[in-house]
Amino acid sequence: MTSVPRLARLKDRSPRAVRDVANHVTRTYGVASAHWRPYPDFLIVGTKRGGTTSLWNYLLDHDQVLPMFPAPRLRKSSDYFFVNLHRSDRWYRSHFHTVPYRRRRADEVGTVVTGEASPYYMYGPHIPAHIARIMPQVRLIVLLRDPVNRAYGHYQERVKEGTEDLSFSAALEAEPQRLAVDEQRRQNDPTYYSRAHDLFSYRDRGIYLPQLQRLAEHFPADQLLVVRSEDLYTDPQTVYDDVARFLGIRPQPLRDARQHNYIPRSPIDPEVAATLRAFYQPHNRRLFEYLGRDLGWPKSSSPSRCDDCGG
């Protein structure tokens, strides 16, 4: 099987026009053969800037994990359950390998699994119900990061991508108004995707308990794995092994533990950090009670050391 780094090099060297034609051909073929393509076995559903990209790439390097189809595209997600929900079920299944291919790989390495990763899948209010409707047996992996660092990392990403020109404090102040613009439509239309809700939810997205409760409404506890993001950053091998066991595949040495989607950041303003910590403290307390464990996020104004860990 072609390695992920080699696929990345091939993808980077291909002219855009050639890639577009190849993508159209493979997606057309994928849709036409969708009856042979089962749904994914697992989803990494969040949180944003919590290590989803790193964990996804670690899993892609596992002998028993299949990439999305076609492999050279190196896709992390189909984004089906929000921006592409208007597309067909066949279109969604076109992103995963066929039963005959899975059987051939299983003959070589044992049980194989495949999935996708999207940090909006946990945050979108209507998404857990959509997932459960077509994939009630899917396994879900949740990464939870200190919400202050998560919010600032999210903001830094938006600045880097050129979609945010406010200061962090100004962006936090503007957040309620930004999210309220199309809130009624989001509530009334489960298929509607709000770009503002996705991009500018710096503070709100770190209130994790309601998001976990929505998942728990639709999936039993044994199909849900909650991982502390800081553990992935500091001890990726242990988390990798835990995830492998959760997915029913063999633990194996992690070949490349570098962080993916890493964004160097400037220091967070201590006053803004202190305000956010005070805001999150009651939310975190209720979250820890719900989980039955303390995730150890600092209660002081000083953010934990991470610069900005991978997304």
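Remember, it's a predicted structure, so these values are computed and weren't measured experimentally.

A.B. asks: Please set out the confidence of the model for the protein chain residue by residue, giving values where relevant.
C.D. replies: Scored by pLDDT, the protein chain has a mean of 91; 89% of the residues are at 70 or more. Across residues 1-12, confidence stays below pLDDT 50; counting only partners more than four residues off in sequence or on other chains, it has 14 contacts. Within the model, the stretch residues 301-305 combines pLDDT values under 50 with 14 contacts to residues more than four positions away or in other chains.

A.B. asks: Account for the sheet that holds strand β5 (residues 224-228), with residues named and values stated.
C.D. replies: Taken together, the five strands give an open sheet; going across it, the order is β2-β3-β1-β4-β5, and neighbouring strands pair in parallel fashion. Two strands bound the open sheet, and with one partner strand each, they are β2 (65-66) and β5. Inspection of the sheet shows strand β1 (residues 42-46) paired to strand β4 (residues 139-144) by four bridges, in the parallel sense. By the bridge assignment, Phe-42 is partnered in β4 with Arg-139. Across the face of the sheet, helix α3 (residues 52-60) comes into contact with β1, β2, β3 (113-117) and β4 while running at roughly 160° to β1.

A.B. asks: Requested: an account of the pattern of salt bridges, with residues and values cited.
C.D. replies: Close approach of charged atoms allows side chains of opposite charge to pair. Scanning the model with the defined rule gives 17 salt bridges in all. Via salt bridges that share partners, Lys-48, Arg-49, Glu-157 and Arg-158 belong to a single interconnected network.

A.B. asks: Lay out the packing of aromatic side chains with the relevant residues and their values.
C.D. replies: Applying the stated criterion across every chain yields a total of 22 aromatic pairs. Aromatic pair Tyr-92 and Phe-96: ring centres 5.3 Å apart, planes at 80°, arrangement edge-to-face. Given a relative accessible area of 0%, Tyr-92 falls into the buried group. Judged by its relative accessible area of 0%, Phe-96 falls in the buried class. The rings of Tyr-39, Tyr-80, Phe-81, Phe-82, Trp-91, Tyr-92, Phe-96, Tyr-120, Tyr-121, Tyr-123 and Tyr-193 are connected pair by pair, giving a single aromatic cluster. Positioned above the aromatic ring of Tyr-39 is the side chain of Arg-93, whose terminal nitrogen or guanidinium carbon lies 5.7 Å from the ring centre. In this arrangement the basic side chain of Arg-203 is found over the ring face of Phe-279, its NZ or CZ atom lying 5.7 Å from the centre.

A.B. asks: How would you summarise the nonpolar core if you had to cite specific residues and measurements?
C.D. replies: One finds Phe-81 and Leu-144 to be the most contacted residues of the largest nonpolar core, which totals 57 residues. Here this core takes six residues from helix α14 (residues 236-247), the largest share from any one element.

A.B. asks: With reference to specific residues and values, describe α3.
C.D. replies: For α3, the tally of buried residues reaches eight of nine residues, placing the bulk of the element in the interior. Inspection of α3 places Thr-52, Thr-53, Ser-54, Leu-55, Trp-56, Tyr-58, Leu-59 and Leu-60 among the buried residues, and these make up the whole buried set.

A.B. asks: Provide a residue-level description of the pairing of β5, including the pertinent values.
C.D. replies: Burial of β5 is extensive: five of the five residues sit out of reach of the surface. The alternating pattern of β5 places Leu-224, Val-226 and Arg-228 on one face and Leu-225 and Val-227 on the opposite face, and all of these are buried. Where β4 meets β5, five bridges bridge the pair, whose relative direction is parallel. Opposite Leu-140, over in β5, you have Leu-224 as the bridge partner.

A.B. asks: How would you sum up the packing of helix α12 (residues 208-218) against helix α15 (residues 270-291)? Please name residues and give values.
C.D. replies: Relative to each other, α12 and α15 sit at 30°, their axes nearing to 8 Å. Touching Tyr-208, Leu-209, Leu-212, Gln-213 and Ala-216 of α12 are Arg-286, Leu-287, Tyr-290 and Leu-291, all from α15. Residues belonging to the contact of α12 with α15 are distributed by class as follows: seven nonpolar, one polar and one charged.

A.B. asks: How would you explain the packing of helix α8 (residues 147-161) against α15 if you had to name every residue and give the values?
C.D. replies: Relative placement of two packed helices is described by the angle separating their axes and the distance separating the axes. Two numbers describe how α8 lies on α15: the axes approach to 9 Å, and their chain directions differ by 125°. As far as their axial angle goes, α15 and α8 are oblique. Here Pro-147, Val-148 and Ala-151 of α8 lie close against α15, whose contacting residues are Ala-273, Leu-276, Arg-277, Tyr-280 and Asn-284. Classifying every residue of the contact of α8 with α15 by side-chain character gives six nonpolar, one polar and one charged.

Cut-offs and rules
- Residues numbered from 1 in each chain as written.
- Predicted model: local features only at pLDDT ≥ 70, side-chain atom pairs only at ≥ 80, totals over all residues.
- Heavy atoms only, no water.
- pLDDT = per-residue confidence, 0-100.
- Contact = heavy atoms within 4.5 Å.
- Pairing = 2+ DSSP bridges.
- Helix = DSSP H or I, 4+ residues; strand = E, 2+ residues; numbered from the N terminus.
- Axes fitted to C-alpha atoms, helices over the stretch in contact; angles between N-to-C directions.
- Salt bridge = Lys/Arg side-chain N within 4 Å of Asp/Glu carboxyl O.
- Phe/Tyr/Trp six-rings, centres within 6.5 Å; stacked < 30°, edge-to-face > 60°.
- Buried < 20%, exposed > 50% of the residue type's maximum accessible area, 1.4 Å probe, protein only.
- Lys NZ or Arg CZ within 6 Å of the ring centre and 35° of its normal.
- Core = buried A, V, L, I, M, F, W, Y, C linked by side-chain atoms within 4.5 Å.
- Nonpolar A, V, L, I, M, F, W, Y, C, P; charged D, E, K, R; others polar.
- Parallel < 35°, antiparallel > 145°, perpendicular 65-115°, else oblique.

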